[in-house]
Amino acid sequence: MSTIDKIKELKQQRNAVILAHYYVEDEVQAIADYVGDSFYLSKIAAKEEADVILFCGVSFMGESAKILSPQKTVIMPDMQADCPMAHMADIKKIQQMREKYEDLAVVCYINSTAELKTYSDVCVTSANALKIVKRLPNEHIFFIPDENLGRYIASKAPEKQFIFNDGFCHVHAEIAAEHVKKAKEAHPQALVLVHPECTPSVVEMADYIGSTSGIIDFATSSKEQEFIICTESGVLYELRQKNPHKRFYPAGNQQFCPNMKRITLDKVAAALEQMTNVVEVEEEVRIRANRPLERMLELGS
Ligand code: 13P
Ligand code: SF4
């Protein structure tokens with residue numbers, strides 16, 4: 001029996017659904033029931049009715065699914081697949097900022113540990129951050145952990161006072177303005193589509209800035225035929241599926257997230273077969289981390 005047939009059979013036996021982020025390998029996206037960006041996948045996880053959620057992504061994604069759907073068994077193909085940025089904020093600094101600014105809102109990118117979420121007022125993803133920040137009554141915003149996304153949102157919400165944190169995504173930070181310039185010279189007709197985790201110098205060169213879903217939707221509805229893609233290369237699979245006649249060029253050759261690429265079909269099959277790699281979140285942490293996530297679903301919808 002092929003690995004894909006085995007996964008299909010096990011999925012039925014376990015009453016499981018497979019969720020996958022756009023950054024995992026093509027063949028993993030191909031077998032998933034739902035593929036999407038972080039916001040879409042968290043909404044699916046919150047309302048899914050299957051007994052088991054198999055999350056093909058990095059730790060904070062499985063953890064968020066468990067926090068939002070505690071009655072489900074959430075499993076992951078590889079528990080070592082972790083997002084380094086999810087750890088790049090400091091609880092002491094959050095407490096200091098709360099003491100300094102009376103009206104502070106701690107806005108936490110969903111790419112964060114459950115512990116960081118427990119100290120936050122609201123979670124956001126790159127797809128809903130601007131909408132949510134604008135809806136908050138607070139003037140002072142401490143944006144954690146991603147500085148680049150924070151700076152981009154701040155540029156669109158001048159009525160707010162932002163305090164930034166120095167976290168970053170190494171995959172997006174490695175896309176340099178020089179790479180984009182070279183890609184643009186090679187493909188002068190191409191539009192530049194940029195994820196807001198990129199540095200401000202790359203964001204400045206963009207024709208469109210948005211989440212992975214935003215980039216896919218923009219390219220799909222555009223009349224243009226060529227696009228330079230400034231985000232993790234996994235999005236090329238969906239872009240090419242939806243637009244077989246359009247041309248997509250990665251800006252550089254380093255656009256791979258090593259953690260997302262840990263997820264393989266064999267690991268998907270093994271996790272479903274053995275029901276190992278079960279995501280656990282201590283109940284007290286879960287309740288406190290659930291508040292900012294639920295607030296995101298409420299304000300982001
Ligand atoms: P989105 O899915 O919100 O576009 O975020 C990208 C990302 O870095 C996920 O790890
Ligand atoms: Fe984290 Fe960046 Fe990988 Fe997303 S692409 S999981 S932000 S390291």
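Calculation criteria
Residues numbered from 1 in each chain as written. Chains lettered and ligands numbered in written order. Predicted model: local features only at pLDDT ≥ 70, side-chain atom pairs only at ≥ 80, totals over all residues. Heavy atoms only, no water. Near = heavy atom within 4 Å. 1 Å grid on protein atoms, 1.4 Å probe; cavity = no way out; pocket = protein on both sides within 12 Å on 5 of 7 lines; lining within 4 Å. Sits in = over half its atoms within 2 Å of the grid points. Nonpolar A, V, L, I, M, F, W, Y, C, P; charged D, E, K, R; others polar. Phe/Tyr/Trp six-rings, centres within 6.5 Å; stacked < 30°, edge-to-face > 60°. Helix = DSSP H or I, 4+ residues; strand = E, 2+ residues; numbered from the N terminus. Buried < 20%, exposed > 50% of the residue type's maximum accessible area, 1.4 Å probe, protein only. Lys NZ or Arg CZ within 6 Å of the ring centre and 35° of its normal. Polar contact = N/O pair within 3.5 Å; in protein donor to acceptor, adjacent residues only side chain to side chain. Areas by Shrake-Rupley, 256 points an atom, 1.4 Å probe, with all protein chains shown as cover.

Neighbouring residues of ligand 2: Tyr23, Val58, Cys83, Pro84, Met85, Asn111, Cys169, His170, Glu197, Cys257 and Met260. One can see that ligand 2 is located within the largest cavity. For the shell around ligand 2, a count of residues per class yields 8 nonpolar, 2 polar and 1 charged.

Further remarks concern the packing of aromatic side chains. Scanning the model with the defined rule gives 4 aromatic pairs in all. Note on tyrosine 208 and phenylalanine 218: the rings are 4.6 Å apart at their centroids and 20 degrees apart in plane angle, and the pair reads as stacked. Of this pair, tyrosine 208 sits in strand β10 (residues 208-209) while phenylalanine 218 sits in helix α12 (residues 212-221), and the two are 10 residues apart along the sequence. Note on tyrosine 208: relative accessible area 22%, which makes it partly exposed. Judged by its relative accessible area of 26%, phenylalanine 218 is partly exposed. Judged by centre distance (5.4 Å) and plane angle (20 degrees), the ring pair of phenylalanine 227 and phenylalanine 248 falls under stacked. Note that phenylalanine 227 is positioned in strand β11 (residues 226-230) and phenylalanine 248 in strand β12 (residues 247-250), a separation of 21 residues in sequence. Pair check on accessibility: phenylalanine 227 and phenylalanine 248 agree, each one buried. Directly above the ring of phenylalanine 39 sits lysine 43, whose terminal nitrogen or CZ lies 4.2 Å from the centroid.

Around ligand 1 sit 13 residues, and of these His21, Ser126, His195, Glu197 and Thr212 come closest. Serine 38 is positioned with one of its backbone polar atoms (N or O) 2.9 Å from an oxygen atom of ligand 1. Histidine 195 places a polar side-chain atom, nitrogen or oxygen, 2.9 Å from an oxygen atom of ligand 1. Burial of ligand 1 by the protein chains amounts to 97% of its free accessible area of 300 Å². A majority-of-atoms criterion places ligand 1 in the largest cavity. The class makeup of the residues in the shell around ligand 1 is 4 nonpolar, 7 polar and 2 charged.

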